[in-house]
Amino acid sequence: MARPQLQPREDREVFVVPLEVRPEHIDENNHVNNVVYVGWLQDVGTAHWNARFDEETRAKWAWLALRHEIDYLRAIEPDATGVIARTWVGDPQGPRFNRYVRIEDAQGRLCAQGLSEWCLVDARTLRPARIPKEMLGPFQA
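On a predicted model such as this, the values are computed, not experimentally measured, just so you know.

S.K.: Lay out the packing of aromatic side chains with the relevant residues and their values.
M.R.: Counting across every chain of the model gives eight aromatic pairs. Between Trp88 and Tyr100, the aromatic rings sit 5.9 Å apart at their centres with planes inclined by 20 degrees, giving stacked as the arrangement. You can see Trp88 sitting in strand E3 (residues 84-89) and its partner Tyr100 sitting in strand E4 (residues 96-104), a full twelve residues away along the chain. An aromatic cluster of at least three residues, connected via ring pairs, comprises Trp49, Phe53, Trp63, Phe97 and Phe139.

Quick look at the structure:
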């Protein structure tokens, strides 16, 4: 059963990250290995966080990935260029955010989509913390 395609919410910033397909990403089936997509989900979320928050905030808070779910829809082959990820966040649930990611090829075709659940923690103690309201603004459109 096909899942519906993830679509960004109008009230959320969509952050775009170019992805590089490297030779070591290619598996015996001659396309990007599924494990690489998990790394991309983490890298894209981290890039969005780093781009929107200053060093002081990033030193105080950290995010831990609790879960990743990926739908593979179209293979990305060796030497693919123009691959991008689009990411946005959902509504906070206490210390947790769902992050959504669409991975598209150079023609804009959806190759994979993912949902990651992230938990905000105090960077020093690693204890979960409710997401502060002031942290929501940079993720909104």
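S.K.: An account of the nonpolar core is requested, with residue identities and associated values reported.
M.R.: Membership of the largest hydrophobic core comes to 18 residues, with the highest contact counts inside it found for Leu19, Val32, Tyr37, Trp40, Ile76 and Ile103. When contributions to this core are tallied by element, the ones reaching two or more residues are strand E1 (15-18), helix H1 (34-52), E4 and strand E5 (110-122). Of all the elements, H1 adds the most residues to this core, at five residues. The residues touching Ile76, leaving out its near neighbours within four places in the chain, are Val21, His31, Val32, Tyr37, Trp40, Val83, Ile103 and Cys111.

S.K.: Any details on H1? Residues and values, ideally.
M.R.: A rise of 1.5 Å per residue sets the reference length of H1, with its 19 residues, at 27 Å; its end C-alpha atoms lie 28 Å apart and thus fit the reference within 8%. Buried within H1 we find Val36, Tyr37, Trp40, Leu41, Val44, Gly45, His48 and Trp49. Buried positions along H1 lie against E1, helix H2 (55-60), strand E2 (61-72), E3, E4 and E5. One side-chain oxygen of the residue at the start of H1 lies 2.8 Å from the amide nitrogen of Val35, identifying that residue as Asn33.

S.K.: Tell me about unusual backbone geometry, and please be specific about residues and values.
M.R.: You will see that Asn30, though not glycine, has its phi angle at about 65 degrees, which is positive. Within the secondary structure, Asn30 sits in the loop between E1 and H1. A positive phi angle is found at Leu126, which is not glycine, with a value near 65 degrees. With respect to the helices, strands and loops of the structure, Leu126 is situated in the segment after E5.

S.K.: I'd love a proper account of the sheet that holds E5, names of residues and values included.
M.R.: Within the open sheet, the five strands sit side by side as E1-E3-E4-E5-E2. Their pairing is antiparallel. Two strands lie at the open edges of the sheet, namely E1 and E2, each paired on one side alone. Here the strands of the sheet are splayed against their neighbours by 25 degrees on average, with no regard to which way each runs. Of the strand pairs in this sheet, E2 and E5 are connected by eleven bridges, and their pairing is antiparallel. Note on E5: the bridge partner recorded for Tyr72 is Ala112. Contacts from H1 reach E1, E2, E3, E4 and E5, with the element oriented near 140 degrees to E2.

S.K.: Now, about the pattern of salt bridges: what can you tell me, with residues and values included?
M.R.: Under the definition given, this model contains 14 salt bridges. Ionic contacts of the salt-bridge type, sharing partners, join the residues Arg3, Arg67, Glu69 and Asp71 into one network.

S.K.: Could you give an account of the environment of Ser116, naming the residues involved and the relevant values?
M.R.: The residue Ser116 is located in strand E5 in this model. The spacing of Ser116 and Ile70 is 46 residues in sequence and 8.6 Å in space, taken between C-alpha atoms. When sequence neighbours within four positions are dropped, the list of residues in contact with Ser116 reads Leu41, Arg67, His68, Phe97, Asn98 and Arg99. Reaching out from Ser116, the side chain makes a polar contact with the side chain of His68 at a distance of 2.6 Å.

Conventions adopted
Residues numbered from 1 in each chain as written. Predicted model: local features only at pLDDT ≥ 70, side-chain atom pairs only at ≥ 80, totals over all residues. Heavy atoms only, no water. Phe/Tyr/Trp six-rings, centres within 6.5 Å; stacked < 30°, edge-to-face > 60°. Helix = DSSP H or I, 4+ residues; strand = E, 2+ residues; numbered from the N terminus. Core = buried A, V, L, I, M, F, W, Y, C linked by side-chain atoms within 4.5 Å. Buried < 20%, exposed > 50% of the residue type's maximum accessible area, 1.4 Å probe, protein only. Contact = heavy atoms within 4.5 Å. Expected span 1.5 Å × (residues − 1). Polar contact = N/O pair within 3.5 Å; in protein donor to acceptor, adjacent residues only side chain to side chain. Pairing = 2+ DSSP bridges. Axes fitted to C-alpha atoms, helices over the stretch in contact; angles between N-to-C directions. Salt bridge = Lys/Arg side-chain N within 4 Å of Asp/Glu carboxyl O.

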